[in-house]
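Inside the fold
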Amino acid sequence: IIPNPWLAYEISQKAMKMFLDKYDKEVITNNIVFVIEEVRKCLEDEKDRLAEQIFRDLIEKKILWFFLLSGKAGYKLPSSIRVKNNARMLIRNDNTPVQQYLFDFVAEDEFNSMEKSIALYLDEQEKLLWWYRNLVGNDYYSLQGWKKQKIYPDFIFTDGSKKKSKDYSKVYVIETKGVHLKNEDTEYKRNIFNLCNKLGEKKDWRELGLEFSGKKFEFKVIFADEWQNMINKIFRL
């Protein structure tokens, strides 16, 4: 957590002194593993707090910029995908293949039960143009915030354009979470998504990528107890 070992030692000494002022040495020794883990949690929280503060400050001062990278500079939806020979195709409840997926084939084992339900529900929406299952890895779309690990949203999908039958007007980037996963990590992702929405409103998307001229983007975190209502709201069902 702290790259500088001398500073890490100094902070450890201060932490131990705080404990020794309250408890005797035997109590601390018997609970040393717990003490170490609690100190680590405090340091992680403080590191994240400072990182967010610096991150937002750099954006405010226009030193750090919000970009949608595509092509060689960043992410681009693939023109083809590889599928395992024994992979089972995701099918609808009536045993017909999914119709609105970006590719001809999507493997069933790429989804947990909630994600599968969302995918099948999306696929049935008449106003949807296409949807795409995003996974974790260098070949997939990601968001970078103030924490080291990237965020890999679960779904990317579009609504159909009212003006052109084979075009879209808005792209939705969705992260799904079980209700039991409403924790700090989820709150962090929600904060990043809110920031993307806020900064995206301030920019003409033509400045961020020519192929997105005139398009709108929306980033959402949805939970198991609300995803159907959220999708209904998006497509105004």
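Please refer to the structure higher up on the page.
Summary of the structure given here. Only a predicted model underlies this, so the values are computations on that prediction, with no experimental measurement involved. (Residues numbered from 1 in each chain as written. Predicted model: local features only at pLDDT ≥ 70, side-chain atom pairs only at ≥ 80, totals over all residues. Heavy atoms only, no water.)

**Concerning the packing of aromatic side chains**
Here the structure, examined in full by the defined rule, presents 13 aromatic pairs. Here the aromatic rings of Trp131 and Phe155 are separated by 6.1 Å at their centres, their planes lie at 55°, and the arrangement is tilted. Highlighted residues: Trp131 in strand β1 (residues 128–133) and Phe155 in strand β2 (residues 155–160), separated in sequence by 24 residues. Exposure class is identical for Trp131 and Phe155. Each is buried. Through a chain of ring-to-ring contacts, the aromatic side chains of Tyr101, Phe103, Phe111, Trp131, Tyr132 and Phe155 assemble into a single cluster. Seen from the ring of Phe155, Arg133 lies directly overhead, with NZ or CZ sitting 5.6 Å from the centre. Taking NZ or CZ as reference, Lys147 lies 4.7 Å from the ring centre of Tyr188, over its face. (Phe/Tyr/Trp six-rings, centres within 6.5 Å; stacked < 30°, edge-to-face > 60°. Helix = DSSP H or I, 4+ residues; strand = E, 2+ residues; numbered from the N terminus. Buried < 20%, exposed > 50% of the residue type's maximum accessible area, 1.4 Å probe, protein only. Lys NZ or Arg CZ within 6 Å of the ring centre and 35° of its normal.)

**Structural notes on the packing of helix α4 (residues 113–123) against helix α6 (residues 227–234)**
Their axes nearest at 11 Å, the elements α4 and α6 cross at an angle of 25°. Judged by the inter-axis angle, α4 sits roughly parallel to α6. Viewed along their axes, α4 and α6 form a crossing whose handedness is right-handed. Residues Met114, Ser117, Ile118, Tyr121 and Leu122 of α4 pack against Trp227, Gln228, Ile231 and Asn232 of α6. The residue makeup of the contact of α4 with α6, split by class, is six nonpolar, three polar and no charged. (Axes fitted to C-alpha atoms, helices over the stretch in contact; angles between N-to-C directions. Parallel < 35°, antiparallel > 145°, perpendicular 65-115°, else oblique. Left-handed = near helix turned anticlockwise from the far one by under 90°. Contact = heavy atoms within 4.5 Å. Nonpolar A, V, L, I, M, F, W, Y, C, P; charged D, E, K, R; others polar.)

**A word on the pattern of salt bridges**
Under the definition given, this model contains 19 salt bridges. The residue Asp48 makes a salt bridge to Lys147 at a minimum N-O spacing of 3.6 Å. A residue pair is termed long-range when its members are at least 10 positions apart, and Asp48 in helix α3 (residues 32–60) and Lys147 in the loop between β1 and β2 qualify at 99 residues. Residue Asp48 shares its accessibility class with Lys147, and that shared class is buried. A salt bridge links Lys177 to Asp185; its shortest N-O distance comes to 3.7 Å. Under the relative-accessibility criterion, Lys177 is labelled buried at 10%. For Asp185, a relative accessible area of 29% translates into the label partly exposed. Taken together, the salt bridges that share partners define one network made up of Glu175, Lys177, Asp185 and Lys189. (Salt bridge = Lys/Arg side-chain N within 4 Å of Asp/Glu carboxyl O.)

**Quick notes on a nonpolar patch on the surface**
Together, Ile32, Val33 and Ile36 line one region of the surface with nonpolar side chains, adding up to about 260 Å² of accessible area. Position of Ile36 among the secondary structure elements: in helix α3. (Patch = residues over 30% accessible without salt bridge, like charges linked within 9 Å, V, L, I, M, F, W, Y side chains within 5 Å. Areas by Shrake-Rupley, 256 points an atom, 1.4 Å probe, with all protein chains shown as cover.)

**Notes on the sheet that holds β1**
Think of a sheet as strands paired side by side through backbone hydrogen bonds, with each pair either parallel or antiparallel. Reading across the sheet, the four strands line up as β1-β2-β3-β4 and stay open at both edges, with mixed pairing between neighbours. Both outer strands of the open sheet, β1 and β4 (216–223), are each paired with one neighbouring strand and no more. Each neighbouring strand pair of the sheet contributes to a mean axis angle of 20°, computed without reference to strand direction. Strand direction decides the pairing type here: β2 and strand β3 (residues 168–177), joined by six bridges, are antiparallel. Residue pairing in the sheet places Ile156 in a bridge with Val173 of β3. Packing against the sheet, α6 makes contact with β2, β3 and β4, and its axis sits at approximately 160° to β4. (Pairing = 2+ DSSP bridges.)

**Structural notes on the packing of helix α1 (residues 5–20) against α3**
Their axes nearest at 11 Å, the elements α1 and α3 cross at an angle of 120°. When the axis of α1 is compared with that of α3, the two are oblique. Considering only the axes of α1 and α3, their crossing is right-handed. Residues Ile11, Ala15, Met16 and Phe19 of α1 pack against Ile32, Val35, Val39 and Leu43 of α3. Among the residues making up the contact of α1 with α3, the classes are represented as eight nonpolar, no polar and no charged.

Such coordinate-based values are descriptive only and should not be taken to indicate function.
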